[in-house]
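Understanding the architecture of this molecule
Residue strings, one per chain:
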Amino acid sequence: MRMHYEPDDDDFEAARDVFVGRLERWAVQGQSSDAVDTFAVAAALDYRHGATVDGRLGLWEPRHVAAFLLDWAPRTLTVLPGEELPEAPEALRLLLRYLDATGLADPRGTALDTLLGAVDDTAAGYPQAMADRSRWGLARFWTTLAAEQGVDLGSPAALARFSERARRGEVPYDEDVLQAIAARHMAEGPPGALRAERQLPVVLPSPETLTAEARQVPLLGMLQGLAAWAGREGRPVTATGRLKTADARELAERLGTGDTPPAAVRSVDDLPRLSLVFELARAARLVRVVKGRAHAVGKAAGDLKDPLALWRRAFDAVFGMRQPLLGAKSGWHTESMLFDAYEDILPDVLNTLYSLPHPMPWPRLRDSVDHAYRVRFQLDGAAHRMWFDDAHRDLRVVLDLLEELGAVERTVGLADPVYRSLPLPAGAADPAPGRPAGSAVLPDGRPADPVPDTGEPSDGPVELIRLTALGTWAVRARLLDAGRDAPLVGELAHAPAAGLLGILAEHYDTDSARLELDRWIQSHDGPEHAFPLLLDAIRTMPYRTRGQAMLETLSAALPEGEGDRLTLALRRDPQLAPLAIGVLVNRGLLAPEDLTEAESLVMVAEGMLQFLEVTGPEGFGDAIRAQGADFREALDVALTAPHPDHDALRDLRDVAARLPRAPAARAGRRPGTTARRPTRGGKPGRGRRR
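A short tour of the structure in this document, coming up. Given the structure is predicted, the values throughout are model-derived calculations rather than measurements.

**Remarks on the overall build of the protein**
When its secondary structure is counted, the protein shows 30 helices and six strands. When each of the 690 residues of the protein is scored for burial, the buried share is 51%. Within the protein, contacts between residues at least 6 apart in sequence are counted, and of these 73% link residues at least 24 apart. Total accessible area computed for the protein in this model is approximately 31,800 Å², and 53% of it derives from carbon and sulfur atoms.

Here's what the structure looks like:
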């Protein structure tokens with residue numbers, strides 16, 4: 001059982017139904033005296049899978065609770081006339097408790113008690129939200145309207161006649177409500193449209209180190225000096241909110257902006273650096289212009305004394321600097337596509353650079369942005385060459401400011417080979433060669449020779465761009481604010497063992513997992529105390545596929561040789577032996593012919609159990625019908641094998657009892673020693689889901 005699926009992953013529905021069935025059994029065994037609304041539980045999982053940017057089924061926060069009960073449920077759960085409301089609040093409570101009890105909850109989410117309190121607080125508004133037709137989805141709106149007008153929903157012919165009447169305008173309805181529903185539907189797009197790309201884990205220095213680095217950014221000193229100059233009483237500015245020329249001369253010299261010498265200044269336009277600092281201070285809400293005077297903002301006083309907080313203010317302000325950075329500056333300056341798409345393109349650029357193990361060559365970054373323009377504006381590279389050149393120019397203006405702020409670092413060097421072999425999206429390469437040469441600086445600050453701005457990273461020097469530690473820290477904070485997954489090495493140091501291994505298995509690469517595991521072991525008093533906790537977490541994991549992924553991750557994340565020795569030793573463990581053998585076989589450390597007869601029987605059962613867990617009962621039945629006698633023979637062997645997971649075997653027996661005894665034999669794949677997530681032949685249906 002995975003807790004994260006890509007939007008188009010066909011395995012999700014089968015895994016969801018297996019999960020809901022086990023939750024129901026868990027609840028019946030003593031966790032709830034009431035019947036479980038399994039449909040509402042499935043709807044909660046559908047919400048996290050299809051309507052959130054991260055899709056993490058096991059991570060819940062109060063905002064998710066409110067969004068599910070007050071938005072997703074009213075939009076997707078159809079309640080026909082005379083039916084009772086789905087028990088969504090109680091279903092969500094059960095889901096949250098089950099995640100916590102089984103070790104499936106993401107330890108980076110909100111604590112269980114707080115989440116249950118959020119359900120209690122939100123549940124009061126649930127009936128009203130369900131009754132508010134403007135919150136409904138289009139399918140629920142028309143289905144309910146048809147039922148209210150006596151249409152037989154079980155009759156395709158009756159539904160077709162209703163649809164035709166609606167098209168002819170013969171069905172009365174509230175037009176304002178339908179327009180509100182349609183507008184929201186168009187804005188939100190189909191399920192899964194919000195899903196963002198997953199990010200690799202990052203390593204960040206301590207807050208003290210980040211603070212020290214922020215303190216070294218000269219631009220922060222200028223912002224502090226500008227705020228001090230303005231003061232609470234304020235300084236007069238022009239009618240258009242700009243600095244007066246005399247004040248600008250004095251301020252440029254005081255702040256050391258490096259602008260034109262004061263004697264040569266005839267207007268504030270001769271001081272572009274000072275003007276940029278002033279606009280950045282305004283965007284960061286350090287200074288505001290009120291009634292013809294520029295005042296220091298009192299609420300920013302604390303941040304002005306805290307270098308890291310001030311740096312974050314300045315960084316976030318860059319996202320609101322479209323007009324000061326890219327607006328018309330003279331008669332010949334034209335606004336580029338970046339001006340129109342600034343709020344979308346700038347975050348995408350930084351998110352692209354985020355968590356990369358190697359600096360990105362300018363041609364790769366530039367072409368990936370060009371591809372976004374082509375998709376957004378339907379442009380042709382050759383026909384709109386000037387438009388792209390203007391966009392490249394403005395992108396460099398933004399990168400210049402981010403570099404000065406210490407958020408990005410630009411150097412010259414050889415691109416990592418991965419960038420020469422990684423294909424760009426179709427149509428990303430500009431067919432028009434010969435762009436202007438790129439600019440860069442050497443590590444010591446000296447200007448570098450112009451670097452050819454070719455269409456592909458070459459074997460020669462190229463401009464390389466990467467986020468600094470400060471930039472990575474700030475971009476990660478913005479990703480988290482947007483609800484995205486942005487793993488940080490070290491954040492799981494105090495997580496439960498099951499949560500640690502589950503997150504490492506699904507979201508960490510091997511190197512990052514090794515660092516995270518090492519920190520977790522250190523925080524749990526070393527291997528002697530940590531390893532029993534880790535192995536117990538795998539033993540008690542009720543899902544076979546997840547248990548094997550956890551053991552595989554643990555083995556791979558340990559120092560070289562140590563993981564193999566641990567897994568080999570677990571071959572003799574009464575409970576963990578099937579998982580350990582599966583890991584050893586998958587890694588080529590054990591051949592199937594090396595297994596004893598008893599082990600071979602156990603592994604046939606293990607393969608069947610994992611296969612059932614991935615496909616669900618319906619998909620399992622499809623496999624029987626498709627693969628015939630050989631599959632059934634393997635199933636019979638599995639049912640008599642001495643496998644230690646008696647609960648899983650009971651599920652397998654229940655499914656086997658409902659299967660046909662003599663299916664027609666057909667060629668196909670049989671389940672192996674471990675599940676490989678085979679393709680299911682069908683999908684389970686659910687009555688009311690829309």
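**Here's the deal with the sheet that holds strand S1 (residues 235-236)**
One open sheet accounts for three strands, arranged S1-S3-S2; its pairing is antiparallel. Pairing within the sheet leaves two strands with one partner each, and these edge strands are S1 and strand S2 (287-290). As paired strands, S1 and strand S3 (residues 293-296) are joined by two bridges and run antiparallel to one another. Paired with Arg235 across the bridge in S3 is Ala294. Packed on one face of the sheet, helix H13 (residues 272-283) meets S2 and S3 and runs near 90° to S2.

**Quick word on helix H26 (residues 544-557)**
Over its 14 residues, H26 runs 20 Å from end to end, which matches the ideal 20 Å to within 8%, given 1.5 Å per residue. Taken across its 14 residues, H26 has eleven buried, putting it largely inside the fold. Listed as buried for H26 are Arg544, Thr545, Arg546, Gly547, Gln548, Met550, Leu551, Thr553, Leu554, Ser555 and Ala557. Where H26 is buried, its residues touch helix H23 (497-507), helix H24 (510-523), helix H25 (527-539), helix H27 (562-570), helix H28 (577-586) and helix H29 (597-639).

**Digging into helix H19 (residues 362-377)**
An ideal rise of 1.5 Å per residue puts 22 Å on 16 residues; H19 measures up with 22 Å between its terminal C-alpha atoms. By the burial criterion, the buried members of H19 are Trp362, Pro363, Arg364, Leu365, Arg366, Asp367, Val369, Asp370, His371, Tyr373 and Arg374. The first or second residue beyond H19 is Gln378, which carries a positive phi of 55°.

**Quick notes on the environment of Gly21**
Within the fold, Gly21 resides in helix H1 (residues 11-31). Sequence spacing of Gly21 and Ala42 is 21 residues, and the spatial spacing of their C-alpha atoms is 9.9 Å.

**Notes on the packing of H23 against H25**
As a packed pair, H23 and H25 sit with axes 8 Å apart at the nearest point and diverge in direction by 75°. Judged by the inter-axis angle, H23 sits roughly perpendicular to H25. The residues of H25 that touch H23, namely those facing Ala497, Ala498, Leu500 and Leu501, are Leu533, Leu534, Ala537 and Ile538. A class-by-class count of the residues in the contact of H23 with H25 yields eight nonpolar, no polar and no charged.

**Digging into unusual backbone geometry**
Its identity is not glycine, yet Lys291 carries a phi of approximately 50°, on the positive side. Within the secondary structure, Lys291 is located in the loop between S2 and S3. We note that Ser355 has phi near 65°; this positive angle belongs to a residue other than glycine. The topology assignment puts Ser355 in the loop between helix H18 (342-353) and strand S4 (360-361).

**Quick word on the packing of aromatic side chains**
Going through the model one piece at a time under the given rule, you end up with 17 aromatic pairs. On the numbers, 5.8 Å between centres and 65° between planes, the contact of Tyr5 with Phe12 is edge-to-face. With respect to burial, Tyr5 and Phe12 carry one shared label: buried. The ring of Trp60 has Arg48 sitting right over it, with the charged end atom 5.9 Å from the ring centre. Of note, Arg396 hangs over the ring of Trp362, and the distance from its end group to the ring centre comes to 4.0 Å.

**Overview of the pairing of strand S6 (residues 462-467)**
Along S6, five of the six residues are buried, which leaves the element largely enclosed by surrounding structure. Where S4 lies against S6, two bridges are found, and the strand directions are antiparallel. By the bridge assignment, Pro361 is partnered in S6 with Leu464. In this structure, strand S5 (residues 408-413) lies alongside S6, joined through six bridges in antiparallel fashion. The residue bridging Glu409 from the neighbouring strand is Arg466, located in S6.

**Some details on the sheet that holds S5**
Strand order in the open sheet made by the three strands is S4-S6-S5, with antiparallel pairing throughout. In the strand order of this sheet, the two ends are held by S4 and S5, each with one partner. Helix-sheet contacts for helix H20 (residues 385-405) involve S5 and S6, and the interaxial angle to S5 is about 110°.

**A closer look at the environment of Asp269**
On the secondary structure map, Asp269 appears in the loop between helix H12 (245-255) and H13. Take Asp269: its relative accessible area is 53%, and that puts it in the exposed class. Here the alpha-carbon distance between Asp269 and Arg242, two residues 27 residues apart in the chain, equals 10.0 Å. Within the structure, the side chain of Asp269 is placed 2.5 Å from the side chain of Arg242, a separation counted as a polar contact.

**Concerning the pattern of salt bridges**
Evaluation of the coordinates by the stated rule reveals 50 salt bridges. Here the salt bridges share partners, and the residues they tie into one network are Arg48, Asp54, Arg56, Asp106, Arg108, Arg476, Asp485 and Glu491.

Here is what the cut-offs are and how they apply
- Residues numbered from 1 in each chain as written.
- Predicted model: local features only at pLDDT ≥ 70, side-chain atom pairs only at ≥ 80, totals over all residues.
- Heavy atoms only, no water.
- Helix = DSSP H or I, 4+ residues; strand = E, 2+ residues; numbered from the N terminus.
- Buried < 20%, exposed > 50% of the residue type's maximum accessible area, 1.4 Å probe, protein only.
- Contact = heavy atoms within 4.5 Å.
- Areas by Shrake-Rupley, 256 points an atom, 1.4 Å probe, with all protein chains shown as cover.
- Pairing = 2+ DSSP bridges.
- Axes fitted to C-alpha atoms, helices over the stretch in contact; angles between N-to-C directions.
- Expected span 1.5 Å × (residues − 1).
- Parallel < 35°, antiparallel > 145°, perpendicular 65-115°, else oblique.
- Nonpolar A, V, L, I, M, F, W, Y, C, P; charged D, E, K, R; others polar.
- Phe/Tyr/Trp six-rings, centres within 6.5 Å; stacked < 30°, edge-to-face > 60°.
- Lys NZ or Arg CZ within 6 Å of the ring centre and 35° of its normal.
- Polar contact = N/O pair within 3.5 Å; in protein donor to acceptor, adjacent residues only side chain to side chain.
- Salt bridge = Lys/Arg side-chain N within 4 Å of Asp/Glu carboxyl O.

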